[in-house]
Amino acid sequence: MAVTPRVFPPRKRWPSTGSSISPKFADLNLVKSLLSLSQEISALKPLQCLLIQKSLSTINKSKLLAIVFEELLRNPVSTSFSPSILLCFEEMYIVFQRIKTLMEDCCNGSKMWLLMRIQPLANSFHELTLELSTLLNIFPVNELDLSQDVEELFVLVRKHCSQSKPSVDPREDSLRRDVLALLHQIKKEIVPHHLKLKQILDNLGLRDQSSCREEIECLQDEIQNQIDEKSKLDIASLIGLLRYAKCVLFGSSTTQLEPDHRRRNSLSDIAVPADFRCPISLELMRDPVVVASGQTYDRESINQWIESGHNTCPKTGQTLAHTNLIPNRALRNLLAMWCRQQRVPFETVGSNEKVSGVKATKAAFEATKMTVYFLVNKLSVSPSMEAANAVTYELRALAKTDSDSRACIAEAGAIPVLVRYLGSGVGSEHPNLQVNVVTTILDLSILEANKTRIMETDGALNGVIDVLRFGATWEAKGNAAATIFSLSGVHAYRKRLGRKTRVIKGLIDLAKDGPTNSKRDAIVTILNLAGDRETVGRLVEGGVIETVIGVINVLPEEAVTILEAVVKRGGLVAIAAAYNSIKKLGVILREGWDTARESAAASLVTICRKGGLEVVAELAAVPSIERIIWEVMGTGTMRARRKAAVLLRILRRWSAGLDTNDVVDISVMSEGRLTTMLSA
């Protein structure tokens, strides 16, 4: 049965000459192994479009040699071989291993990248054939009891191997030169001729959008598989060229590829776990680090936050005691494992390249600009909503790749054009278009300069808010909330957004009624807005505390973090509203994760100190509350232990009939002073 090339996983690098290991089989077992290996090679399909003759010739030789090995196994007399025969068999096994590896890698790889390396690959086929020829020439075939027909086959294979030439098909070499010429044109900002592009892609078997999309994904795989930096840059240029060719030759489409177990997944098509997303950029973290507050962010995002003058934790609003960034190696290992399972490329720490690598070369950058301007112009004159949806989908996919693409899209004037399709009328008739538009704006907003462009574009902010409140799907509403979160990363915009009642109401409604993912988008955005004291009052008036209490069982960590921020800055009204949350906070204190317990303890301290004796009595009524607090003091984070100590003293003073407002907040004390005070 023929073996499809798809079953073989991509390799990290081309195998070296010494990578194969000589087998330690004896006599017939060695022949059985040779037969099995030659049959595996024979079952492979010849390469398509490139190296056709080389691969076909190699497969045919393997088929003929498999007949020789079968003859040896059928002959019961040949149960023992001379040392010279065994040595030849062992060397043949190594050559067959290398042939199989070369064939598999050529089948699995990108056609474009195969074309760029056509000369060294042709040489590899030639060298392996010569090695096989040498072994066949010295092989003592006369010592074997082979039939005349089989012996003639052996001689035929030996003759064909000796006639091998290290040549490259002139047609393939000309095709390679054509691709290099196009890349050179793009570097000079010359738009490639469409007919020439089509001719090249036809010769590579890339005749529709689906095959182009798959080829781009293969190239993205190749970038991850390369060690040599120059190869990565060359592949990045090819990706840019193919993206442009796909759009101008085959148009835009929202049609997804059929499921393919070896296909590289795109992050836009995968539900990334919330814990794997950076709270700032909302993208999959590549280098997770922990800040002084205990929260984890992607290194690049939190560095930008700190360098812009912030000294607080973006998620909790807590002032950072220091700005040291501690690598979260445990989370990074989980990220790498998840990416491997999902077939998503995972960058190494210290790499400056994005997943796609499109900003690495001049050719890649210029190709991206050409693609963007083509798409934006097409969107500007789209005759129908279906056509607009297809173009927007392409812009959405491009906006996810890297900062250069986001900058190009915004500079090409895409934002005002996209805003046209944010209205509720569009959403009701074409919900997918609304999702694609708001998600594109979300991805564009990740770039700092684009935040200003979005906020200053007429109708952009109002359009996003309308989607948040009246979007046709939960996905659209959630991505609108995420866009507001991204924009609120700028302090001035956070205040401006917090003043808008529609924003507050939209977020609270989404947190109440949305599915879990949308709730999380809304909750995290509310938390960001709660960093402004003026906004907290509006949040409390809008019912944020009741909403948070309602989702505390679903999103405990996010909910208690918001509760801490709101009761800290919201005054007595917030404290009174938080009264019903005391028992639930007690449960989080007992069962939550470390960060959730920390926020729960901090919230309870604020509520009890400012809420009066009735509030403390409510806390005291929680079953086993003192034991729970002692557990937090023994096993919680440093801040949780200090807050728990304050809680314990509040309860003790309440039980003794003393004023709980006189309790000193020892959350800033050292561990030694804390221990001394508690033991006194």
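Calculation notes
Residues numbered from 1 in each chain as written. Predicted model: local features only at pLDDT ≥ 70, side-chain atom pairs only at ≥ 80, totals over all residues. Heavy atoms only, no water. 1 Å grid on protein atoms, 1.4 Å probe; cavity = no way out; pocket = protein on both sides within 12 Å on 5 of 7 lines; lining within 4 Å. Points joined across faces, edges and corners; volume = space filled by probe spheres on them. Helix = DSSP H or I, 4+ residues; strand = E, 2+ residues; numbered from the N terminus. Nonpolar A, V, L, I, M, F, W, Y, C, P; charged D, E, K, R; others polar. Disulfide = S-S within 2.5 Å. Buried < 20%, exposed > 50% of the residue type's maximum accessible area, 1.4 Å probe, protein only. Pairing = 2+ DSSP bridges. Contact = heavy atoms within 4.5 Å. Axes fitted to C-alpha atoms, helices over the stretch in contact; angles between N-to-C directions. Parallel < 35°, antiparallel > 145°, perpendicular 65-115°, else oblique. Left-handed = near helix turned anticlockwise from the far one by under 90°. Core = buried A, V, L, I, M, F, W, Y, C linked by side-chain atoms within 4.5 Å. Phe/Tyr/Trp six-rings, centres within 6.5 Å; stacked < 30°, edge-to-face > 60°. UniProt positions renumbered as here; feature names shortened; annotations may be inferred. Expected span 1.5 Å × (residues − 1). Salt bridge = Lys/Arg side-chain N within 4 Å of Asp/Glu carboxyl O.

Peer 1: Would you take a moment to explain unusual backbone geometry for this structure?
Peer 2: Outside of glycine, negative phi angles account for most residues, and trans bonds account for most peptide bonds. At C49, a residue that is not glycine, the phi angle is positive and equals roughly 75 degrees. A positive phi is found at L51, a non-glycine position, where the angle reads about 55 degrees.

Peer 1: Whenever I open this one, empty space enclosed by the protein confuses me. Can you help?
Peer 2: Summary: where empty space remains is shown by rolling a probe the size of a single water molecule over the atoms. Under the criterion given, the structure shown has 5 cavities of 30 Å³ or more. Its boundaries defined by the atoms lining it, the largest cavity holds a volume of some 90 Å³. Counting only elements with at least two residues in the lining of the largest cavity, the list comes to α2 (52–74), α3 (83–108) and α5 (118–138). Considering only residue class, the lining of the largest cavity consists of 8 nonpolar, 3 polar and 1 charged. Of the pockets and cavities examined, the second largest cavity occupies roughly 60 Å³. Taken together, T316, G317, Q318, T561, E564, A565, K568 and R569 make up the lining of the second largest cavity.

Peer 1: Is there a simple way to explain the state of the cysteines in this structure?
Peer 2: Working definition of a disulfide: a covalent bond connecting the sulfur atoms of two cysteines. The full count for this structure, using the stated rule, is 0 disulfides. With no disulfide of its own, C247 lies closest to C212 among cysteine sulfurs, the gap being 9.4 Å. Exposure remark for C247: the relative accessible area of 3% places this residue in the buried category.

Peer 1: Explanation requested: the sheet that holds strand β2 (residues 296–298) in the structure shown.
Peer 2: Adjacent strands of a sheet form backbone hydrogen bonds with each other and so pair up, either parallel or antiparallel. Within the open sheet, the 3 strands sit side by side as β2-β1-β3. Their pairing is antiparallel. The open sheet is flanked by β2 and β3 (326–327), the only strands paired with a single partner. Where strand β1 (residues 288–290) and β2 come together, 3 bridges link them in antiparallel fashion. Opposite V290, over in β2, you have T296 as the bridge partner. Across the sheet, helix α11 (residues 299–307) lies against β1, β2 and β3, angled at about 95 degrees from β2, the strand it touches most.

Peer 1: Sorry, what's going on with the packing of helix α14 (residues 385–399) against helix α18 (residues 431–445) here?
Peer 2: The axes of two packed helices give the description: the angle between them and the distance between them. As a packed pair, α14 and α18 sit with axes 9 Å apart at the nearest point and diverge in direction by 30 degrees. Classified by the angle their axes make, α14 and α18 are roughly parallel. Regarding α14 and α18, the two cross each other, and that crossing is left-handed. Each of M385, A388, N389, T392, Y393, L395, R396 and A399 in α14 lies in contact with α18, whose residues at this interface are N432, L433, V435, N436, V437, T439, T440, D443 and L444. The class makeup of the residues in the contact of α14 with α18 is 9 nonpolar, 6 polar and 2 charged.

Peer 1: Even after reading the chapter, I still don't get the nonpolar core, so can you show me in this structure?
Peer 2: The nonpolar side chains of soluble globular proteins are, as a tendency, buried together. Counting 104 residues, the largest nonpolar core has V544, I545, L589, L619 and I629 as the members making the most contacts within it. Ranked by residue count, the leading element in this core is helix α33 (residues 638–655), at 8 residues.

Peer 1: So what exactly am I meant to see when it comes to the packing of aromatic side chains here?
Peer 2: For any pair of aromatic rings, the description consists of the separation of the ring centres together with the inter-plane angle of the planes. Applying the stated rule across the entire model yields 5 aromatic pairs. Here the aromatic rings of F69 and F89 are separated by 6.3 Å at their centres, their planes lie at 75 degrees, and the arrangement is edge-to-face. Note that F69 is positioned in helix α2 and F89 in helix α3, a separation of 20 residues in sequence. Geometrically, the ring pair formed by F69 and F96 is edge-to-face, given 6.3 Å between the ring centres and 85 degrees between the ring planes. With F69 in helix α2 and F96 in helix α3, this residue pair connects regions lying 27 residues apart in the sequence. Each member of the pair, F69 as well as F96, is classed as buried. Taken together, the aromatic side chains of F69, F89, F96, F139 and F154 make up a single cluster linked through ring pairs.

Peer 1: Please clarify how the environment of L395 should be interpreted in this entry.
Peer 2: By secondary structure assignment, the location of L395 is in helix α14. Using a relative accessible area of 0% as the deciding quantity, one classes L395 as buried. Linking L395 and I409, residues 14 residues apart in sequence, is a C-alpha distance of 7.7 Å. In contact with L395, not counting residues within four places along its chain, are L375, V376, L379, I409 and T440.

Peer 1: Before we go on, may I ask you to explain the packing of α14 against helix α15 (residues 403–411) in this structure?
Peer 2: It is the contact of α14 with α15, at a shortest axis distance of 8 Å, that shows an interaxial angle of 140 degrees. In terms of orientation, α14 lies oblique with respect to α15. Only S405, R406 and I409 of α15 make contact with α14, whose side of the interface consists of L395, L398 and A399.

Peer 1: Please explain the UniProt feature "coiled-coil region" (unreviewed entry) in the chain as it appears in this structure.
Peer 2: Mapped onto this structure's residue numbering, the UniProt feature "coiled-coil region" (unreviewed entry) falls at residues 209–236. Annotation note: span residues 209–236, helix share 89%, strand share 0%, distance between end C-alpha atoms 19 Å.

Peer 1: I tried to follow helix α23 (residues 501–513) on my own but got confused; where do I start?
Peer 2: Think of an α-helix as 3.6 residues a turn; residues three or four steps apart then line up on the same face. Counted at 1.5 Å a residue, the expected span for α23 with its 13 residues is 18 Å, and the 18 Å between its end C-alpha atoms agrees. V503, I504, G506, L507, I508, L510 and A511 are the residues of α23 that are buried. In the core, the buried residues of α23 are packed alongside α20 (460–470), α21 (474–487), α22 (491–498), α24 (516–529), α25 (533–541) and α26 (544–551).

Peer 1: Mind showing me how you'd approach the pattern of salt bridges here?
Peer 2: Where charged atoms of side chains with opposite charge meet at close range, the side chains can pair. Following the criterion strictly, the structure yields 29 salt bridges and no others. A salt bridge links E71 to R74; the nearest nitrogen and oxygen atoms lie 3.1 Å apart. With E71 and R74 both in helix α2 and 3 residues apart, the pair spans about one turn of that helix. For E71, a relative accessible area of 15% translates into the label buried. Among the salt bridges present, the one from E618 reaches K583, with a minimum N-O distance of 3.9 Å. With E618 in helix α31 (residues 613–620) and K583 in helix α29 (residues 582–591), this pair connects stretches of sequence that are 35 residues apart.

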